[in-house]
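Listed here are the chains, written in short residue letters.
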Amino acid sequence: MAQPLVGVVMGSNSDWEVMRHAAGQLRVLGVPFELRVVSAHRTPDLLFQYAETAASRGLRCIIAGAGGAAHLPGMLAAKTLLPVLGVPIPSRYLKGMDSLLSIVQMPKGVPVATFAIGEAGAANAALFAAALLAAGDGELAVRLQAFRAEQEAAVLAMSIPEEG
Ligand SMILES: Nc1c(C(=O)O)ncn1[C@@H]1O[C@H](COP(=O)(O)O)[C@@H](O)[C@H]1O
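Not measured: the values here are computed from a predicted model.

Definitions and limits used
- Throughout, a residue's number is its position along its own chain's written sequence, starting from 1.
- Local features in this predicted model are restricted to residues whose pLDDT is 70 or higher, and side-chain atom pairs enter the listing and the counts only when it is 80 or higher, whereas totals over whole chains, interfaces and linings include all residues.
- Every axis corresponds to a line fitted to the C-alpha atoms, with the helix fit spanning only the stretch in contact, and the corresponding angles, defined between N-to-C directions, vary from 0 to 180 degrees.
- For helices the rule is a DSSP run of H or I covering at least 4 residues; for strands it is a run of E covering at least 2, with both sets numbered from the N terminus onward.
- Should the near helix be turned anticlockwise from the far one by less than a right angle, the crossing is termed left-handed; should it be turned clockwise, right-handed.
- For every residue pair, C-beta atoms are placed from the backbone, and the pair is scored as a contact if these atoms sit within 7 Å.
- Three classes are used, and their members are as follows: Ala, Val, Leu, Ile, Met, Phe, Trp, Tyr, Cys and Pro are nonpolar, Asp, Glu, Lys and Arg are charged, and the others, Gly among them, are polar.
- UniProt positions are given in the numbering used here, feature names are shortened, and annotations may be inferred rather than shown by experiment.
- Paired strands, in this sense, are two strands between which DSSP finds at least two bridges.
- Seen with its strands pointing away from the viewer, a crossover is right-handed when the path leading from the first strand over the helix to the second is clockwise.
- For classification purposes, an angle smaller than 35 degrees is called roughly parallel, one larger than 145 roughly antiparallel, one from 65 to 115 roughly perpendicular, and anything else oblique.
- Working rule for contacts: place C-beta from the backbone, and if it is within 6 Å of a molecule or strand, that residue counts as near it.
- Buried means a residue has 20 or more other C-beta atoms within 10 Å of its own C-beta, exposed means 12 or fewer, and partly exposed covers the counts in between; C-beta atoms are placed from the backbone.
- The arc in question is formed by the directions pointing from the helix axis toward the C-beta atoms.

Contact geometry for helix α1 (residues 16-29) and helix α5 (residues 119-134): axes closest at 7 Å, N-to-C directions at 35°. Crossing angle aside, the handedness with which α1 passes α5 is right-handed. Across the interface between the two elements, Val-18, Met-19, His-21, Ala-22, Gln-25, Leu-26 and Leu-29 of α1 pack against Glu-119, Ala-122, Ala-123, Ala-125, Ala-126, Leu-127 and Ala-130 of α5. The class makeup of the residues in the contact of α1 with α5 is 11 nonpolar, 2 polar and 1 charged.

Quick look at the structure:
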């Protein structure tokens, strides 16, 4: 097993339906990652331990998904110098607006790169993590370029069926 370079963490296993889009995108690009459930609220000691050891274990960035009062990404960012990429999970009553605002409205000095609510945000966080790593990994840059080219070809091949 290759050394994980990206930590994909989430506040609950109920976030997996969204966060699997981050994992899937990393897998497609051949970026080694690890998956963990870590909660600032429910497992604060584990959160500190995870954040404090992440860099020394070889991780290069952390993608963190959380819903509702989504303190996980911000608290991770407070305890590590690694870039933290936050994914707002759609929540039951407020549709993820609570998650988005909790993650994006960090105080000056402790940034979290915040992505869109839901699966597109999770996939984009993975693509962003790959772009960060590709700056120092030419083979990954080639795979990322190929992904872009495939996406472009798929859009160029789109057609709209005419009516009548
Ligand atoms: N936002 C957080 C944190 C945290 O930020 O520490 N820990 C769990 N959660 C969120 O609670 C929601 C409901 O969790 P449950 O489904 O387990 O009740 C999840 O979206 C999770 O990310």
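Cross-referencing UniProt, the feature "domain: PurE" (unreviewed entry) maps to residues 4-155 in the present numbering. In this annotation, residues 4-155 is assigned 49% helix and 16% strand; the end-to-end C-alpha distance for the span is 32 Å.

Time to look at the pairing of strand β2 (residues 33-37). Pairing geometry for strand β1 (residues 6-10) and β2, over 5 bridges, is parallel. Bridge assignment links Met-10 to a residue of β2, and that residue is Val-37. Once you follow β1 into α1 and on to β2, the crossover reads as right-handed.

Attention now moves to the packing of α5 against helix α6 (residues 138-156). Packed helices, taken two at a time, are described by their axes: the angle between them and the distance between them. Two elements in contact, α5 and α6, have axes separated by 8 Å at closest approach and are oriented at 140°. Our classification of the angle between α5 and α6 gives oblique. Both α5 and α6 take part in a crossing whose hand is left-handed. Facing α5, whose interface residues are Ala-130, Ala-131, Leu-133 and Ala-134, α6 presents Leu-140, Ala-141 and Leu-144. When grouped by side-chain class, the residues that make up the contact of α5 with α6 number 7 nonpolar, no polar and no charged.

Attention now moves to the environment of Gln-3. One can find Gln-3 in the segment before β1. Measuring from C-alpha to C-alpha, the distance between Gln-3 and Glu-34 comes to 9.0 Å, with 31 residues separating the pair along the chain. For Gln-3, the contacting residues outside a window of four places in its chain are Pro-32 and Gly-58.

Lining the immediate environment of the ligand, one finds 17 residues, of which Gly-11, Ser-12, Ser-14, Ala-40 and Gly-67 sit closest. Classifying every residue of the shell around the ligand by side-chain character gives 7 nonpolar, 8 polar and 2 charged.

With that out of the way, let us pick up helix α4 (residues 97-104). Among all positions of α4, only Ser-99, Leu-100, Ser-102 and Ile-103 are buried. One side of α4 holds all its buried residues, which, seen down the axis, span an arc of 165°. Next to the buried residues of α4 lie β3 (61-67), α3 (72-79), β4 (84-89) and β5 (113-114).

When the UniProt feature table is mapped onto this chain numbering, "binding site: substrate" (unreviewed entry) sits at Ser-12, Asp-15 and Arg-42. For Ser-12, the position within the fold is in the loop between β1 and α1. Classification of Ser-12 by C-beta neighbours within 10 Å gives partly exposed; the count is 17. The residues contacting Ser-12, other than those within four sequence positions of it, are Val-37 and Ser-39. Relative to the assigned elements, Asp-15 resides in the loop between β1 and α1. In this structure Asp-15 comes out as buried when scored by C-beta crowding, with 23 C-beta atoms within 10 Å. When near neighbours in sequence (up to four residues on either side) are disregarded, Asp-15 contacts Met-10, Gly-65, Ala-66, Gly-67 and Ile-89.

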